[in-house]
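Now for the letters of each chain:
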Amino acid sequence: MNRYTQLDIPGYEEVVRCDNPEVGFTAWIAIHNTHRGPALGGCRVWRYESEDAALIDVLRLGKGMTYKNALARLPLGGGKSVVHCDLKTVNRTALFTEIGNFVETLEGRYITAEDVNSTLADMVVVQRRTRHVATVGASGNPSPFTAYGVYCAIKTSVKHKLKRERLDGLTVAIQGIGETGGRLAEMLKKDNCRIIAADINTEHAHSLREKIDFHLVAPDDIYGVACDIFAPCALGSTLNSRTIPQLLCQIVAGSANNQLQNNEDGAKLFRRGILYAPDYVANAGGVINISCEIDQTYDPKKATQLTAAIEQTLMEIYRQSAQQKLPTNVVADSLAEERFGATLTC
Ligand code: NAD
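Residues numbered from 1 in each chain as written. Predicted model: local features only at pLDDT ≥ 70, side-chain atom pairs only at ≥ 80, totals over all residues. Heavy atoms only, no water.

Asks: Kindly report on the environment of Gln-259, identifying the contributing residues and their values.
Replies: On the secondary structure map, Gln-259 appears in the loop between strand E12 (251-252) and helix H7 (263-271). Using a relative accessible area of 0% as the deciding quantity, one classes Gln-259 as buried. Along the backbone, Gln-259 and Thr-112 are 147 residues apart, and their C-alpha atoms lie at a distance of 23 Å. What Gln-259 contacts, discounting residues up to four positions off in sequence, is Pro-232, Ser-237, Thr-238, Leu-239, Val-252, Gly-254, Tyr-276 and Asp-279. (Helix = DSSP H or I, 4+ residues; strand = E, 2+ residues; numbered from the N terminus. Buried < 20%, exposed > 50% of the residue type's maximum accessible area, 1.4 Å probe, protein only. Contact = heavy atoms within 4.5 Å.)

Rendered as structure tokens:
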């Protein structure tokens, strides 16, 4: 049976912990802000180093969703769930049944969805216990929309920084050529870009090369390749004090969440004259697509149009960044804070 504990975390509307020793998991739902609507954010399953690490992750991810949803102008707030367990030993159906019960206790203030290590099949199990779950409807896999949004972000950044309407002849270095990075590479190839990629999964990268023509480099070499655009499409924190000095690009735009190790890294990019498309703006296509199945009949055309509007959001950020001489991540944060109606201190 689930046992729930309310946690009092400053800056968050509601944080609840759920323990279930019989099934073998501890989970948290963090609702950061619901001024724009119910908090939407996926359910991440991970074997964390500690319970503290899991709590830190859910807080950081939940807050990030508030900013992402607000800047995408979605009628949604931000929240997230994380489940701390060992997927090798846990009964998956029992786990997601109880996660469904957990989500239901929040009575719609939080809507869950797929995320790292949770699948569409898991969300179907969650749906048996709660209707507050997205990605089980018609919107399908969010990755093509995320990749399309990043493609739009690259085009916008090129227009702003390089004063070019077209991408042909440009070189793009893609870090992580998976669900989103691979699709992005395909779109850029159609525009006659040259692609250089790195992936720690060399077997996957080699097999993808049979389909898409790109030059493969070792994972640590991707930072220093001569390119116009660097696209981080793997994990977070890859833009930091070790990697930023190596970059030879003019633009950074990719799908990965939390690309900057910390806010100061945005300032480092700015001082180097590298235009940074804030990650939660560039990678919002997936959540925009999911939002199109909540309380409405899903329309892929509408999802595509809303994703393409990432261009206007980015242009406004770039305009203000140039005018105020502030890094783009700082401008994006303050625009998002205006939109969700509160400047938070945490
Ligand atoms: P994915 O797992 O399909 O692809 C990631 C790829 O990066 C994998 O092929 C992996 O082997 C590779 N990789 C991992 N670490 C690496 C490293 N250090 N160097 C080079 N390659 C590395 O994941 P995805 O769905 O494409 O997501 C990529 C990023 O985008 C993640 O940060 C994710 O949170 C974020 N994101 C994804 C979506 C989406 O719709 N899929 C939406 C928003 C944000």
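Text resumes after the structure shown.
Asks: Outline the site of the ligand, listing residues and values.
Replies: Around the ligand sit 18 residues, and of these Thr-146, Glu-179, Thr-180, Asp-199 and Ala-234 come closest. A distance of 3.4 Å is found between a nitrogen atom of the ligand and a backbone nitrogen or oxygen belonging to Ile-200. A distance of 3.0 Å separates an oxygen atom of the ligand from a polar atom in the side chain of Asn-257. The fraction of the free accessible surface of the ligand (820 Å²) that becomes covered by protein chains is 74%. Every element with two or more residues in the shell around the ligand is listed here: helix H4 (143-162) and helix H5 (179-190). Here the shell around the ligand is built from residues that sort into 6 nonpolar, 9 polar and 3 charged. (Near = heavy atom within 4 Å. Polar contact = N/O pair within 3.5 Å; in protein donor to acceptor, adjacent residues only side chain to side chain. Areas by Shrake-Rupley, 256 points an atom, 1.4 Å probe, with all protein chains shown as cover. Nonpolar A, V, L, I, M, F, W, Y, C, P; charged D, E, K, R; others polar.)

Asks: Lay out the domain arrangement of the protein chain with the relevant residues and their values.
Replies: The parts lose accessible area when they come together, and the size of an interface is often stated as this lost area. With domains assigned, the protein chain is organised as domain 1 (3-64 + 77-127) and domain 2 (143-341). Taking only C-alpha atoms into account, the centre of domain 1 sits 27 Å from that of domain 2. On the domain 2 side, the residues contacting the 8 residues of domain 1 number 7 residues. Contact with domain 2 buries area across many residues of domain 1, yet Arg-36, Leu-40 and Arg-60 alone supply 49% of it, more than any other trio. Applying the counting criterion to the domain 1 and domain 2 interface returns 0 salt bridges. Among the residues making up the side of domain 1 that touches domain 2, the classes are represented as 3 nonpolar, 3 polar and 2 charged. (Domains from an automatic or database assignment. Buried area = accessible area lost by both parts, 1.4 Å probe. Salt bridge = Lys/Arg side-chain N within 4 Å of Asp/Glu carboxyl O.)

Asks: Residues and numbers for the environment of Phe-214, please.
Replies: Inspection of the secondary structure puts Phe-214 in the loop between helix H6 (202-208) and strand E10 (215-216). Given a relative accessible area of 5%, Phe-214 falls into the buried group. Along the sequence, Phe-214 and Leu-106 sit 108 residues apart, while their C-alpha atoms lie 47 Å from each other.

Asks: Quick one: what's the story with the packing of aromatic side chains, residue by residue and with numbers?
Replies: Applying the stated criterion across every chain, the model contains 5 aromatic pairs. A centroid spacing of 5.3 Å and a plane angle of 25° characterise the contact between Tyr-4 and Phe-102, whose relative ring orientation is stacked. Of this pair, Tyr-4 sits in strand E1 (residues 3-7) while Phe-102 sits in helix H2 (residues 92-105); the two residues are 98 residues apart in sequence, bridging distant segments of the chain. Looking at Tyr-4, the relative accessible area reads 36%, which means it is partly exposed. Under the relative-accessibility criterion, Phe-102 is labelled buried at 1%. Linked through ring pairs, Tyr-67, Tyr-280 and Phe-340 together constitute an aromatic cluster. (Phe/Tyr/Trp six-rings, centres within 6.5 Å; stacked < 30°, edge-to-face > 60°.)

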